[in-house]
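Here are the chains, one letter per residue:
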Amino acid sequence: IFEKIEKFFEENKTVYIHGLSGCGKTTLAREYALYRKSKHQNLSIVFVNSGVFEDNVYELKERFLKSRDDAVLKLDEILQLIELNISGSKNEILFIFDDIKDFKEVIELVCLIDSRHKILITSENSDITSVSGNAIIELKTFNSEKCEEYLGKNGIDLSTKIVEKFLEKVNL
């Protein structure tokens, strides 16, 4: 799957990871970041948790404007300074915007990031992927057959009470 993300990044600045809650979107994004870092030693990784737009801006401000006295700066001035710092970066940056509910939370921030940097966005919201073209990784959950196959391949006895109880609890 990392190779698929890499291929998407060859033609796109942004890749979306979409799927239901708990299916591994954040884990995949973090693991991919480590994978990419292993191939690009000078890569910087910026992880931004979901939130409202202003929270995301201030999270990036903490990362890029640490040494500035910005108590009197307006939001648009902070955005300009963040953009200057990002564009002035000598190293590639991988931005991960995690658990985005609405594209409005990140659209202005995504526009600040020039094309030599990469962006991963994770979301449960399928509407958010409509802006991305084909750069979408959709994670799906196991159905009962796949779950039983996975458990069996990993040496778990499917006839035990605990496995039966597990499958019943997850409605498989």
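Reading the values: rules and limits
Residues numbered from 1 in each chain as written. Predicted model: local features only at pLDDT ≥ 70, side-chain atom pairs only at ≥ 80, totals over all residues. Heavy atoms only, no water. Helix = DSSP H or I, 4+ residues; strand = E, 2+ residues; numbered from the N terminus. Expected span 1.5 Å × (residues − 1). Buried < 20%, exposed > 50% of the residue type's maximum accessible area, 1.4 Å probe, protein only. Arc of directions from axis to C-beta. Contact = heavy atoms within 4.5 Å. Salt bridge = Lys/Arg side-chain N within 4 Å of Asp/Glu carboxyl O. Core = buried A, V, L, I, M, F, W, Y, C linked by side-chain atoms within 4.5 Å. Polar contact = N/O pair within 3.5 Å; in protein donor to acceptor, adjacent residues only side chain to side chain. Pairing = 2+ DSSP bridges. Axes fitted to C-alpha atoms, helices over the stretch in contact; angles between N-to-C directions.

Peer 1: Can you help me understand helix α2 (residues 25–39) in this one?
Peer 2: Note on helix geometry: an α-helix contains 3.6 residues per turn, so any two residues three or four positions apart are oriented the same way. Given a rise of 1.5 Å per residue, 15 residues ought to cover 21 Å, and the 21 Å separating the end C-alpha atoms of α2 matches this to within 8%. Within the span of α2, buried status applies to Lys 25, Leu 28, Ala 29, Tyr 32, Ala 33, Tyr 35 and Arg 36. Along the axis of α2, the buried positions cluster into a sector of 165°, meaning they face one direction only. Exposed residues on α2 whose side chains face more than 90 degrees from its buried face are Thr 27 and Leu 34. Residues of α2 that are buried in the fold lie against α1 (2–11), β1 (14–19), β2 (44–48), β3 (93–97), β4 (118–123) and β5 (136–139).

Peer 1: I'm lost on the pattern of salt bridges in this one. Help?
Peer 2: Charged atoms that come close allow side chains of opposite charge to pair. Following the criterion strictly, the structure yields five salt bridges and no others. Where Asp 114 meets Arg 116, a salt bridge forms, and the shortest distance between an N and an O atom there is 3.3 Å. With a relative accessible area of 23%, Asp 114 lands in the partly exposed category. Put simply, Glu 6, Arg 36 and Glu 92 are held in one network by salt bridges that share partners.

Peer 1: What is the right way to read the nonpolar core from this model?
Peer 2: Generally speaking, soluble globular proteins have nonpolar side chains that are buried together. Leu 60, Phe 64, Ile 82, Phe 95, Phe 97, Leu 109 and Ile 121 are the most contacted members of the largest nonpolar core, which has 25 residues in total. Elements that contribute at least two residues to this core include exactly β2, α3 (53–64), α4 (75–87), β3, α5 (107–112) and β4. If you tally residues by element for this core, the top one is α4, at five residues. Ranked by size, the runner-up nonpolar core spans 17 residues in total, among them Phe 9, Ala 33, Ala 135 and Leu 139.

Peer 1: Help me understand the side chain of Glu 92 in this model?
Peer 2: With respect to the secondary-structure elements, Glu 92 resides in the loop between α4 and β3. At a separation of 2.8 Å, a polar atom in the side chain of Glu 92 contacts the side chain of Arg 36. Discounting residues that sit within four places of it in the chain, Glu 92 has contacts with Arg 36, His 40, Asn 42, Leu 43, Ser 44, Arg 116, His 117 and Lys 118.

Peer 1: It is not clear to me how the sheet that holds β4 should be interpreted in this structure. Could you clarify?
Peer 2: Pairing between the strands of a sheet is mediated by backbone hydrogen bonds and can be parallel or antiparallel. Strands sit in the order β2-β3-β4-β1-β5 across an open sheet of five strands; the sheet is parallel. Strands at the two margins of the open sheet, each flanked by one partner only, are β2 and β5. Strand-to-strand twist of the sheet, defined as the mean angle between neighbouring strand axes without regard to direction, takes the value 15°. The sheet strands contacting α2 are β1, β2, β3, β4 and β5, and the helix crosses β4 at an angle near 160°.

The values reported here are purely geometric and, on their own, carry no functional implication.
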